Amino acid sequence: MSTTVRPTLRVKPPRPTGIQKLITSGSRAERSRHLILTVLNPALARQFLRQLCRGGWLVDANQSWDDTAGHCALSLGITFAGLQKLELDERLLDVLRAKAPAFAQGAWARASDELGDIGASAPANWEPSFGPASAHLLLILHANDDTALTAAQEQLVQLAGDQAFASPWVIHDGLHLAPEPVGRRVHFGMLDGLSQPAILPEPPGPVGLPNAMRNSHRLGEFVLGYDNDDQANPWRLAAERPAASRVLAAEQSRVLADFFKNGSFAAFRKMAQDEAGFRRFVRQQAETLQGQHTLTQAEAFIRAKLLGRWDDGRVVQATDTMSGGPSGPDATADFDFAHDPAGLGCPFGAHIRRMNPRDDPVVPIRRRPILRRGMPYGEPYNEKVCKKDDPGRGLLGLFFCASLEHQFEHLVGQWANDTPMGPNNRGNARDPLIGHNDPARHVYDIPLSDTTALALRGMTPFVTTKGTLYTFFPSLSAIQQLADR
Ligand code: HEM
């Protein structure tokens, strides 16, 4: 862990136009509404998209969120089934089948094998709105209050008319648990929104090189049509044809590539959190620990070692103790694990070390950055509310990346649902927050020295998947092109 103060890389260069703003900037709004739509009449659905474009509903990365012609800001994702239903050109669908097979097959088909969604999280148990044949459009509204969201939804329903889509539209509402200055926490009481990849200017200047510690990456890691950190652009779609037809093929490839350029893939994943179970587990483990600490201190220590950050956001350090609490610098996104090779600060199995190993000496070089744009749902846990009256809570995760296979699926299916990377004292538990842990088999190790570890047993899955959609967030011009088809 380095504490050196470095010049910040948070430069705000103009982004190429056409990218939907939610991808590159996220939203600061307090609330979100996710509407899942089923197309009934393709021509009318395309007309609806045309009206969204004309009416200035969609926000370009270069615009401000307020530039939305008096509407609530809207973002639009489309599933592969949705693109088929909207009668997208077969040649474009073929490109997706070849280059983005996870997207083309859809989350439902891949979740058990590629995302570790088994048992209660298996697709067969997902909420019906995530059905592979019926989930076509994902409209996301952001605003600071419910009234604005409902007013915007009503306008959208009017624009659509009653024949374009099945009704009623399915709603998943997100809300932050506390207003911004207080800090944005997710259920389980953890501070979130601290670490987000910085996107380098395109093309990156001499100082703008990918840097794991600062978590900075090239645009092509998130948006199609640009070089990624490996300086490869898989969406250039260069013509691979015999010389005689090369000129024509090159022109066709350019037309196809233009459709994908400035688009991004997103996994929308609804995850229910078992807050009572999580608290119970932490309490039980804390009660077994002997020493000069209080029960509250022991609980905070265990929570920190499971996530990798203390409740105040500070990254857990080798010098931190149960009775002394955090000793590191303020909550930051600018750190790496190069100075913690034995996991004495942040265990190898902790959520943040798995999800973003940065310059971890023990992991493969290729990093798999992801932009997190989700929001919690449900009211904060209150143990006085009886279980049967509790509507539940969790996270409406929205994860943007250029490759669902290499980024999202790799994180969730492999890094979260496998034995942690690391040399010794790493246990065999899955990710403590999102992994499918078996209380009878899995042991979560908190290394205390090079040879000793605190072993936590009896961990259950604390998060259950309620549904996942793989969506494509096209550029504004691609939406127009689809609408005008
Ligand atoms: C209910 C489920 C989840 C909860 C409660 C949760 C909670 C958290 C929290 C509290 C943080 C630390 C805040 C921060 O560093 O900004 C975090 C970081 C992160 N999470 Fe999750 N998370 C969940 C699901 C997921 C999933 C499914 C993924 C993978 C797609 C994921 C990927 C990440 C990443 C990449 C980071 C940033 C790590 C870093 O850059 O240091 N999380 N999560």
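(A) Representation of the packing of helix α2 (residues 42–54) against helix α7 (residues 146–160) within the structure. Their axes nearest at 9 Å, the elements α2 and α7 cross at an angle of 130°. One finds that α2 runs oblique with respect to α7. Residues F48, Q51 and L52 of α2 pack against L156, L159 and A160 of α7. Split by residue class, the contact of α2 with α7 holds five nonpolar, one polar and no charged.

(B) Up close: the pattern of salt bridges. Tallying each qualifying case throughout the model produces 26 salt bridges. A salt bridge links R283 to E299, with the nearest nitrogen and oxygen atoms 2.7 Å apart. One end of the pair, R283, is in helix α9 (residues 275–287); the other, E299, is in helix α10 (residues 295–307), and 16 residues separate them in sequence. Across the pair D359 and R367 runs a salt bridge, and its minimum N-O distance is 3.6 Å. Given the relative accessible area of 37%, D359 is considered partly exposed. Linked through salt bridges whose partners overlap, the residues forming this network are R31, R33, D146 and D173.

(C) Examining the packing of α2 against helix α13 (residues 476–483) more closely. Taken N-terminus to C-terminus, the directions of α2 and α13 make an angle of 145°; their axes are 8 Å apart at the nearest point. The handedness of the crossing between α2 and α13 comes out as left-handed. Residue-level inspection shows R46, L49, R50 and C53 of α2 in contact with α13, the latter providing I479, Q480, L482 and A483. In terms of residue class, the contact of α2 with α13 is made up of five nonpolar, one polar and two charged.

(D) Structural detail: the environment of Q158. Residue placement: Q158 occurs in helix α7. In this structure Q158 comes out as exposed when scored by relative accessible area, which is 68%. C-alpha of Q158 to C-alpha of F48: the two residues are 110 residues apart in sequence and 9.8 Å apart in space.

(E) How the structure looks around the packing of aromatic side chains. Under the criterion given, the structure shown has 22 aromatic pairs. Between F259 and F260, the aromatic rings sit 5.3 Å apart at their centres with planes inclined by 90°, giving edge-to-face as the arrangement. Taken as a pair, F259 and F260 share a single burial class, namely buried. Taking 5.6 Å as the distance between ring centres and 50° as the angle between the ring planes, the aromatic pair formed by F281 and F462 counts as tilted. Here the residue F281 occupies a position in helix α9, and F462 occupies one in the loop between β14 (453–457) and β15 (463–473), the gap between them amounting to 181 residues. The same class applies to F281 and to F462, which are both buried. Members of the aromatic cluster, connected to one another through ring pairs, are F80, F103, W235, F259, F260, F265 and F472. The ring of Y226 carries the charged tip of K261 above its face, separated from the ring centre by 4.7 Å. Of note, K270 hangs over the ring of Y377, and the distance from its end group to the ring centre comes to 4.9 Å.

(F) Inspection of helix α6 (residues 107–114) at higher detail. Regarding α6, the residues found buried are A107, R110 and A111. In a view along the axis of α6, the buried residues occupy a sector of 125°, so they form one face of it. Relative to its buried face, α6 has exposed residues pointing more than 90 degrees away, namely A109 and D113. Looking at the packing, one finds that the buried side of α6 touches α5 (101–105), α12 (404–415) and β15. Once α6 finishes, G116 follows within two positions and takes phi at roughly 70°, a positive value.

(G) Focus on the site of the ligand. Taken together, 27 residues lie near the ligand, and L194, S195, H351, R358 and R372 sit nearest. The side chain of S195 places a nitrogen or oxygen atom 2.5 Å from an oxygen atom of the ligand. One of the side-chain N or O atoms of R309 is found 3.2 Å from an oxygen atom in the ligand. With three residues, the top contributor of residues to the shell around the ligand is helix α11 (residues 351–355). Its residues placed into classes, the shell around the ligand shows 17 nonpolar, six polar and four charged.

(H) Summary view of unusual backbone geometry. S167 connects to P168 through a cis peptide bond whose omega is -5°. Residues E202 and P203 are joined by a peptide bond in cis, for which omega reads -5°. Note on placement: P203 falls in the loop between β7 (198–199) and β8 (216–217). The backbone phi angle of N215 is positive, close to 60°, even though this residue is not glycine. In this structure, N215 sits in the loop between β7 and β8. Classification of N215 by relative accessible area gives buried; the value is 3%.

(I) Structural view of the environment of V412. Within the secondary structure, V412 sits in helix α12. Taking C-alpha positions, V412 is 7.5 Å from G116, a pair spaced 296 residues apart along the chain. Discounting residues that sit within four places of it in the chain, V412 has contacts with L115, R269 and N417.

(J) Here's a closer look at the nonpolar core. L49, F103, L156, F165, F260 and F408 are the most contacted members of the largest nonpolar core, which totals 128 residues. Considering each element in turn, this core owes the most residues, seven residues, to α10. Ignoring anything within four residues of it in the chain, the contact list for L49 reads L76, L86, L137, I479, L482 and A483.

(K) Representation of the side chain of T79 in the model. Secondary-structure assignment places T79 in the loop between β2 (73–78) and α3 (80–85). Residue class for T79 comes out buried when judged on its relative accessible area of 7%. Discounting chain neighbours no more than four positions away, the residues touching T79 are F103, A135, H136, L469, Y470 and T471.

Conventions and cut-offs
Residues numbered from 1 in each chain as written. Predicted model: local features only at pLDDT ≥ 70, side-chain atom pairs only at ≥ 80, totals over all residues. Heavy atoms only, no water. Axes fitted to C-alpha atoms, helices over the stretch in contact; angles between N-to-C directions. Helix = DSSP H or I, 4+ residues; strand = E, 2+ residues; numbered from the N terminus. Parallel < 35°, antiparallel > 145°, perpendicular 65-115°, else oblique. Contact = heavy atoms within 4.5 Å. Nonpolar A, V, L, I, M, F, W, Y, C, P; charged D, E, K, R; others polar. Salt bridge = Lys/Arg side-chain N within 4 Å of Asp/Glu carboxyl O. Buried < 20%, exposed > 50% of the residue type's maximum accessible area, 1.4 Å probe, protein only. Left-handed = near helix turned anticlockwise from the far one by under 90°. Phe/Tyr/Trp six-rings, centres within 6.5 Å; stacked < 30°, edge-to-face > 60°. Lys NZ or Arg CZ within 6 Å of the ring centre and 35° of its normal. Arc of directions from axis to C-beta. Near = heavy atom within 4 Å. Polar contact = N/O pair within 3.5 Å; in protein donor to acceptor, adjacent residues only side chain to side chain. Core = buried A, V, L, I, M, F, W, Y, C linked by side-chain atoms within 4.5 Å.

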